[in-house]
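For reference, the chains in residue letters:
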Amino acid sequence: MEANLLKTIFNAFDHKSNFVSHSELNSGHINDTFLINTDFGNRYVLQRINHHVFIDVEGLINNKVLISNHIKSKFPNFSEQELSSKILLFVKAQNTKFYYHKENENYWNLMVFIDDSITYEVVEDEEIAYEGGKLLGTFLNLTSDFDSSQLIDVIPDFHDMSFRYKQYVSSLTNASKERLKKTTKYISVVDELKVEMHILQELKEAGKIPIRVTHNDTKISNALFDQYKKGICMIDTDTVMPGIIHYDFGDAIRTICNTTAEDEKDLSKVEFNLNYYKAFKKGFIEKMKYSLSPIELEYLPLAAKTMIFIMALRFLTDYLNNDVYYKTRYPDHNLDRAKNQFKLIESLSEKLVF
Ligand code: GN1
Ligand code: MG
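(A) A look at the coordination of the magnesium ion (ligand 2). The magnesium ion (ligand 2) binds to the protein through Asp217 (OD) and Asp236 (OD), with metal-donor distances spanning 1.9 to 2.1 Å. Of this pair, Asp217 sits in the loop between strand S7 (212–214) and strand S8 (223–225) while Asp236 sits in the loop between strand S9 (231–234) and strand S10 (241–243); the two residues are 19 residues apart in sequence, bridging distant segments of the chain. By relative accessible area, Asp236 is classed as partly exposed at 23%.

Structure follows, in structure tokens:
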């Protein structure tokens, strides 16, 4: 993207720094994210929100700022400097809102970049898995006293199994013959698993699982670590909204326990790492032990399987719909992502007993 345009947008925010250069952070499948370097060395993350996917961008930004302020309020003795190295801080635009937007154009928001931080696409050792569990547990714990009804549903029915299943069924009727043929094997896997994969949804609908503030995009690349492999905080709070903890636990496991990235084509490399599962769960429970109910605890293993299934189904659906939702880099990218997730479910089912 053109530097001048980014500079103009960056200068619409109240940061008192001068734009020096930028680079694109190729992390997300939906939004566009840029790292901005400034003259005093402080760096920022400038994000263009995809308003076709996120219909109520103002509501989304309000959610993120409310949660960030709530977490901030838990550390009253921290200086601004300390806060900016541990917590996601959003910068106001000159018009005093936390976003910049011109009519008929894109929405942008700006965060302070947390220096010396690292993210992982694939987990390299148990320590990262354990720290990842503590990070998610801490996020859910710090937000557990926030009234989730103050948050909007950024994407209604986001992890709702019945909704995702319906979308998948309608993609089957829209799909080209060629794409349908390439997915035959997976269509039968979906049929085999679908009843079991609705269990959590049914418990939620029956009011048996508490509704809390949840993050909803807890893949490992959304956890920030320092140079010593210690967790700093969870990032990418775009999808923070009311939900059940199972999807957060499951989405973290989906990426932490996968021995490959979610789009690895060589399926012989894709395995579920049970040691990372145990390490993550240990860290998670350490931080959540006082606020987890027995039913929440009981369904954590099924949550892992369900969340991998939801993502497999969403990638498959988008493939059948000709890639209208996720960014893709080549024609069968979504199919490769789906195959990878189905292989992960197969491996999980061999290793995890529940
Ligand atoms: C999308 O754009 P990104 O990477 O933050 C998706 C998540 C998926 C993830 C898979 C709004 O997140 O649900 O788990 O891709 N976000 C949305 O990598 O659909
Ligand atoms: Mg996200």
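(B) Representation of the site of ligand 1. In the vicinity of ligand 1 lie 16 residues, with His29, Lys219, Glu262, Arg314 and Tyr325 positioned nearest. Here His29 contributes a backbone N or O atom positioned 2.8 Å from an oxygen atom of ligand 1. Between ligand 1 and the protein, one listed contact pairs an oxygen atom with a side-chain N or O atom of Asp236 at 3.0 Å. If ligand 1 stood free it would expose 440 Å²; the protein chains cover 96% of that surface. Within the shell around ligand 1, the residues separate by chemical class into 7 nonpolar, 2 polar and 7 charged. When residues of the shell around ligand 1 are assigned to domains, at least three fall in each of domain 1 (3–112) and domain 2 (126–351).

(C) Main features of the environment of Leu83. Residue placement: Leu83 occurs in helix H3 (residues 80–84). Remark: the alpha-carbon pair of Leu83 and Ile114, spanning 31 residues in sequence, is separated by 9.7 Å. Setting aside residues no more than four positions away along its own chain, Leu83 makes contact with Lys72, Phe75, Phe78 and Leu89.

(D) Structural context of the pattern of salt bridges. With the rule as written, the count across this model stands at 20 salt bridges. Lys327 serves as the salt-bridge partner of Asp32, at 2.9 Å between the closest nitrogen and oxygen. Of the two residues, Asp32 is situated in strand S2 (residues 32–38) and Lys327 in the loop between helix H11 (300–320) and helix H12 (333–351); the sequence distance between them amounts to 295 residues. In this structure Asp32 comes out as buried when scored by relative accessible area, which is 17%. Using a relative accessible area of 34% as the deciding quantity, one classes Lys327 as partly exposed. Here the salt bridges do not stand alone but share partners, grouping Glu127, Glu131, Lys134 and Lys230 into one network.

Calculation criteria
- Residues numbered from 1 in each chain as written.
- Chains lettered and ligands numbered in written order.
- Predicted model: local features only at pLDDT ≥ 70, side-chain atom pairs only at ≥ 80, totals over all residues.
- Heavy atoms only, no water.
- Donors = N, O, S within 2.8 Å, 3.2 Å for Na, K, Ca; no water.
- Helix = DSSP H or I, 4+ residues; strand = E, 2+ residues; numbered from the N terminus.
- Buried < 20%, exposed > 50% of the residue type's maximum accessible area, 1.4 Å probe, protein only.
- Near = heavy atom within 4 Å.
- Polar contact = N/O pair within 3.5 Å; in protein donor to acceptor, adjacent residues only side chain to side chain.
- Areas by Shrake-Rupley, 256 points an atom, 1.4 Å probe, with all protein chains shown as cover.
- Nonpolar A, V, L, I, M, F, W, Y, C, P; charged D, E, K, R; others polar.
- Domains from an automatic or database assignment.
- Contact = heavy atoms within 4.5 Å.
- Salt bridge = Lys/Arg side-chain N within 4 Å of Asp/Glu carboxyl O.

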